[in-house]
Structure formats: C-alpha cells, structure tokens
Amino acid sequence: MASYISSLYLRGDNAYYLVGSSTLSTCLDGYHSCASDLYSIPLTGGKPTLLAHSSLGQQILGYVESEEAFYISQGNGDAGCMSFSASKIVGTKEELAGKFSVCQGSDGEDNN
C-alpha cells in the first residue's frame, strides 16, 4: 500500500515524520482531522520506529525538551473561515493542546 509523508522534523541524530495512507493528502485538503502516525528513523539509516498514533496529520511543529513532547498541528481555511488544532504527544499518548476557529462574515466576526 502506498503512503504519504506530510511532515518531516530533524532533531539530533534522528528524523521524525508523520505518515498516513495515500489518502492522507486528500484528507488534508478537507475540513476535518486526518489521522497519521509519528515515526522516527536514524539519519544514518536503519529501521523506522513507530512512536505514536496522532489524530492530526498535517505538521510537526516541534519538540519541547522540558516536556519530552512533540507538538503536531492541523489547520485549514476557506471563504472567510479558518480553524487550527494542536496536539501534544508525550511517549505514545496524545493530548489536545489547543483548538481555535474563526469566521469573518460580511456582518462581522464570529469566533468559535
């Protein structure tokens, strides 16, 4: 089965990436969360290691050393509306870190 890598993050001697099925790219063009898997692989080569499953699959924002956590995000926007979600992955556990959405209509702002 084909796969799709949506984000790559280099840290130390490892590469970290989000990967999903080949339909992940189509999902990311939509307006709902797209699941992916967070993997690591040594930069010198070797076998990838599955670190966690994520409900968000668009982008690795970074790693916070003090929390030992990766932050993953997904967002979209269209026709005056946008939304953004972020998750924190510690070990194999995913937690919602934040969520924001807003629409700007012809009669003013509508924050959700």
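Caption draft 1: Molecular detail of the sheet that holds strand E4 (residues 49-54). Across the sheet, four strands lie side by side as E1-E2-E3-E4; this open sheet has antiparallel pairing. This sheet does not close on itself; its edge strands, each paired only once, are strand E1 (3-11) and E4. With strand direction ignored, the average angle separating the axes of adjacent strands in the sheet is 25 degrees.

Caption draft 2: Layout of the state of the cysteines. The tally for this structure, following the rule as stated, stands at one disulfide. There is a disulfide in this structure between cysteine 81 and cysteine 103, and the S-S distance comes to 2.0 Å. With the S-S dihedral at roughly 115 degrees, the linkage between cysteine 81 and cysteine 103 falls on the right-handed side. On the criterion of sequence distance, the pair formed by cysteine 81 in strand E7 (residues 81-90) and cysteine 103 in strand E8 (residues 93-105) is long-range, its members being 22 residues apart. Given the relative accessible area of 31%, cysteine 81 is considered partly exposed.

Caption draft 3: Summary view of the pattern of salt bridges. Overall, the coordinates contain two salt bridges when judged by the stated rule. Here lysine 88 ties to glutamate 67 by a salt bridge, and the two come within 3.8 Å at their closest N and O atoms. One end of the pair, lysine 88, is in strand E7; the other, glutamate 67, is in the loop between strand E5 (59-64) and strand E6 (69-78), and 21 residues separate them in sequence. With relative accessibility at 34%, the residue glutamate 67 sits in the partly exposed group.

Caption draft 4: The confidence of the model for the protein chain, seen in detail. Taken as a whole, the protein chain shows an average pLDDT of 84; of its residues, 86% reach a score of 70 or greater. Between the elements of the protein chain, mean pLDDT differs from a low of 55, seen in strand E9 (residues 108-111), to a high of 93, seen in strand E3 (residues 36-42).

Caption draft 5: Quick look at the environment of glutamine 104. With respect to the helices, strands and loops of the structure, glutamine 104 is situated in strand E8. Taking C-alpha positions, glutamine 104 is 8.6 Å from alanine 79, a pair spaced 25 residues apart along the chain.

Caption draft 6: Unusual backbone geometry, seen in detail. Phi angles above zero are rare outside glycine, and glutamate 68 is one such case at about 50 degrees. Mapping glutamate 68 onto the fold places it in the loop between E5 and E6. Look at glutamate 68 and you get exposed, because its relative accessible area is 56%.

Caption draft 7: Expanded view of the pairing of E7. Of the pairings in the sheet, the one linking E6 to E7 comprises 10 bridges and is antiparallel in character. The partner of glutamine 74 across the bridge, within E7, is serine 85. In this structure, the hairpin formed by E6 and E7 is closed by a connection of two residues, where alanine 79 is found at a positive phi of approximately 50 degrees. Here 10 bridges tie E7 to E8, and the two strands are oriented antiparallel to one another.

How each quantity is defined
- Residues numbered from 1 in each chain as written.
- Predicted model: local features only at pLDDT ≥ 70, side-chain atom pairs only at ≥ 80, totals over all residues.
- Heavy atoms only, no water.
- Pairing = 2+ DSSP bridges.
- Helix = DSSP H or I, 4+ residues; strand = E, 2+ residues; numbered from the N terminus.
- Axes fitted to C-alpha atoms, helices over the stretch in contact; angles between N-to-C directions.
- Disulfide = S-S within 2.5 Å.
- Buried < 20%, exposed > 50% of the residue type's maximum accessible area, 1.4 Å probe, protein only.
- Salt bridge = Lys/Arg side-chain N within 4 Å of Asp/Glu carboxyl O.
- pLDDT = per-residue confidence, 0-100.

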